[in-house]
Amino acid sequence: MSDGPGPEATVRVGRALVQLTRRPGARTADPSALLDQVPTDRLVTMAAYHRVPGVAYRSLVELGRDDPAFAGLRGSYQMAAIGHTRCLVDLATVVEAFTGLNRPWMVVKGPVLVERGYGDSGARLYEDLDLVVHPSELAVAMALIEEAGGSVSDVNWPLVTRLGRAEVPMILAAGMPADLHWQLLVTPPIRSRFTISMDELAERVQPIRAGGIEVPALDPVDELLYLTLHGSLSGGHQLVWLKDLEVMMEHQDVDWDLVVDRARRWRADLVAAIQLDRARTVLGAPVPDQIIETLAGGAPWWRWWRRSERRLGYLRWGGYDHTGRTFVAATSATTSASVVQLARSMRVDVVRPAVADRRRRSARGVAEVVPELYRPVGGPEARVRYQRMAAATGWS
């Protein structure tokens, strides 16, 4: 996708959006002055692209700039608040239904982030509810959700079984989409790059209050590290993933020794170094210098990325180009592993599309991949085979 405006205009938009996304005490420039230098429609568009319209709108209200030109941001803020309320209705039903489970389960991201970090239901839009259960109880969890009025979305059971995808899309009783996971990391290739012990995570589950409901969630360190992984594997090109880290650090007591220890055990220390440093550099997140240096360990991949990040600066956040998403998503346990993953990703994401015409890429992306995963194929017998596969795979 072409950026459109030139580099200078892109930088101005990026700078204004970043300052609006920062908390007031961490700003390095006056966002009101910056707003006068950028097209309003462009700023609104980029706030939506970076999934921070609610945060930006809240900042505009604080600055006294809630004028009609920003109506799109106000609408997003209101929709996020409505969506969170709807989610809590379905979450209460899930909590009650899952009393039928024998093993720990948990909610990640979504309402947990809103309650723990943002403290404002309009500030963080999320589209679905992520539930994680033990693989041996996947079949029971699916049945409990269905008995409570929910349903399984159309799924190609043979394909998701062959791919080993650790999630089942569902629709909850009040209409909230949900992903029912039996692993935090969805695909086997990603699970092979990192070593998260789900049994250990389950032992550390902590209850939190969400709209008067007691909800099981990851402990703050596990949640923080999972957010670094999720943001990196998603490409790291949207401000929302850095804001998630920043609000967690601002509102939760972080044991940095535990962060380093668990990141190393997950083989995610290089990922954590990059994402935490980005949150600190871009949004002023309170990450100690020595923690970044300890996690990075002077890795060449880290040094190369840091130079690139400093060189581009606000250019990354004001447009659609220069996102570095393929490189961020390739970050693995070591420099060599990251280079290998980058080569694989470039072959799939860059080289193959480059040799195909645009029409074929569109057809492949829309008419083949998505319907293949999300359409009814296989029937009840294939669904049972998937559940048995998940149970046999285990937590780790």
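Just above sits the structure.
This is a predicted model, so every value here is computed, not measured.

Q: How should I be thinking about the pairing of strand 5 (residues 177-181) in this particular structure?
A: On a regular strand, one side chain projects to one face of the sheet and the next to the other, so that they alternate. Burial within strand 5 is extensive, with four of its five residues counted as buried. As defined by bridge partners, strand 2 (residues 129-132) adjoins strand 5 across four bridges and the pair is classed as parallel. The residue of strand 5 that forms the bridge with Asp 130 is Asp 179. Direction of pairing for strand 4 (residues 167-171) relative to strand 5: antiparallel, over a ladder of five bridges. What sits directly across from Val 168, in strand 5, is Leu 180. The hairpin formed by strand 4 and strand 5 contains five residues between the paired strands, and Gly 175 there has a positive phi angle of roughly 105°.

Q: What should I look at first to understand the environment of Ser 32 in this one?
A: With respect to the secondary-structure elements, Ser 32 resides in helix 2 (residues 31-35). In sequence terms Ser 32 and Leu 63 are 31 residues apart; their C-alpha atoms lie 7.1 Å from each other.

Q: For this particular structure, what's the right way to read the packing of helix 13 (residues 256-265) against helix 15 (residues 289-296)?
A: Axes are the key here: two packed helices are described by the angle between their axes and the distance separating the axes. Following both chains from N to C, one finds helix 13 and helix 15 inclined at 15°, their axes separated by 11 Å at the closest point. Between helix 13 and helix 15, the interaxial angle falls into the category roughly parallel. In this structure, helix 13 crosses over helix 15, and the sense of that crossing is right-handed. For the pair helix 13 and helix 15, contact is made by Trp 256, Val 260, Ala 263 and Arg 264 and by Ile 291, Thr 294 and Leu 295, respectively. The residue makeup of the contact of helix 13 with helix 15, split by class, is five nonpolar, one polar and one charged.

Q: Please explain the nonpolar core as it appears in this structure.
A: Within soluble globular proteins, side chains that are nonpolar tend to cluster in buried spots. Met 249 and Leu 276 are the most contacted members of the largest nonpolar core, which has 77 residues in total. Counting residues per element, this core draws most heavily on helix 14 (residues 269-283), at nine residues. What Met 249 contacts, discounting residues up to four positions off in sequence, is Leu 224, Val 254, Trp 256, Leu 276, Ala 279, Ala 285, Pro 286 and Val 287.

Q: Quick question: what am I supposed to make of helix 16 (residues 300-312) here?
A: Residue pairs three or four apart in sequence face the same way in an α-helix, which turns once every 3.6 residues. Taking 1.5 Å of rise per residue, the 13 residues of helix 16 would be expected to cover 18 Å, and the 19 Å separating its terminal C-alpha atoms lies within 8% of that figure. Just beyond helix 16, the residue with positive phi is Gly 313, at close to 55°.

Q: Got a minute to help me understand the environment of Asp 179 in this structure?
A: Residue position: Asp 179 is located in strand 5. For Asp 179 and Val 168, which are eleven residues apart along the polypeptide, the C-alpha to C-alpha distance reads 5.6 Å. Discounting chain neighbours no more than four positions away, the residues touching Asp 179 are Asp 128, Leu 129, Asp 130, Leu 131, Glu 167, Val 168 and Pro 169.

Q: How should the packing of aromatic side chains be read in this particular structure?
A: For any two aromatic rings, the description comes down to two numbers: the centre-to-centre distance and the angle of the planes. Taken as a whole, this structure holds seven aromatic pairs when the rule is applied. When the ring of Tyr 57 is compared with that of Tyr 77, the centres are 5.3 Å apart and the planes differ by 50°; the resulting orientation is tilted. With Tyr 57 in helix 4 (residues 53-62) and Tyr 77 in helix 5 (residues 71-97), the pair connects residues that are 20 residues apart, well separated along the chain. Judged by relative accessible area, which is 22%, Tyr 77 ranks as partly exposed. Residues Trp 304 and Trp 305 carry aromatic rings whose centres are separated by 6.0 Å and whose planes lie at 55° to one another, so their mutual orientation is tilted. When its relative accessible area of 34% is taken as the criterion, Trp 304 is described as partly exposed. Judged by its relative accessible area of 3%, Trp 305 is buried.

Q: What should I look at first to understand the side chain of Glu 309 in this one?
A: Looking at where Glu 309 falls in the secondary structure, it is placed in helix 16. Its relative accessible area of 7% is what places Glu 309 among the buried residues. Beyond its immediate chain neighbours, meaning those up to four positions away, Glu 309 contacts Arg 278, Val 282, Arg 316 and Trp 317.

Q: Would you take a moment to explain helix 7 (residues 138-147) for this structure?
A: Regarding helix 7, the residues found buried are Leu 138, Ala 141, Met 142, Leu 144 and Ile 145. Take helix 7 and look down its axis: the buried residues cluster within an arc of 160°, on one side only. Within two residues after helix 7, Gly 149 carries a phi angle of roughly 105°, on the positive side.

Q: Looking at this model, I keep getting lost on the pairing of strand 7 (residues 213-217). Mind explaining?
A: Along strand 7, four of the five residues are buried, which leaves the element largely enclosed by surrounding structure. Examined bridge by bridge, strand 6 (residues 206-210) and strand 7 share five bridges and lie antiparallel to one another. Directly across from Gln 206, in strand 7, lies its bridge partner Ala 217. Where strand 6 folds back onto strand 7 in an antiparallel hairpin, the turn is made up of two residues, including Gly 211, whose phi is positive at roughly 60°.

Q: Looking at this model, I keep getting lost on the environment of Ala 123. Mind explaining?
A: With respect to the helices and strands, Ala 123 occurs in the loop between helix 6 (110-118) and strand 2. Between the C-alpha atoms of Ala 123 and Ile 171, which are 48 residues apart in sequence, the distance is 24 Å. Every residue in contact with Ala 123, bar those within four places of it in the chain, is listed here: Gly 54, Val 55, Arg 58, Tyr 77 and Tyr 118.

Quick notes on the rules
Residues numbered from 1 in each chain as written. Predicted model: local features only at pLDDT ≥ 70, side-chain atom pairs only at ≥ 80, totals over all residues. Heavy atoms only, no water. Buried < 20%, exposed > 50% of the residue type's maximum accessible area, 1.4 Å probe, protein only. Helix = DSSP H or I, 4+ residues; strand = E, 2+ residues; numbered from the N terminus. Pairing = 2+ DSSP bridges. Axes fitted to C-alpha atoms, helices over the stretch in contact; angles between N-to-C directions. Parallel < 35°, antiparallel > 145°, perpendicular 65-115°, else oblique. Left-handed = near helix turned anticlockwise from the far one by under 90°. Contact = heavy atoms within 4.5 Å. Nonpolar A, V, L, I, M, F, W, Y, C, P; charged D, E, K, R; others polar. Core = buried A, V, L, I, M, F, W, Y, C linked by side-chain atoms within 4.5 Å. Expected span 1.5 Å × (residues − 1). Phe/Tyr/Trp six-rings, centres within 6.5 Å; stacked < 30°, edge-to-face > 60°. Arc of directions from axis to C-beta.

No statement about biological role is implied by the geometric values presented.
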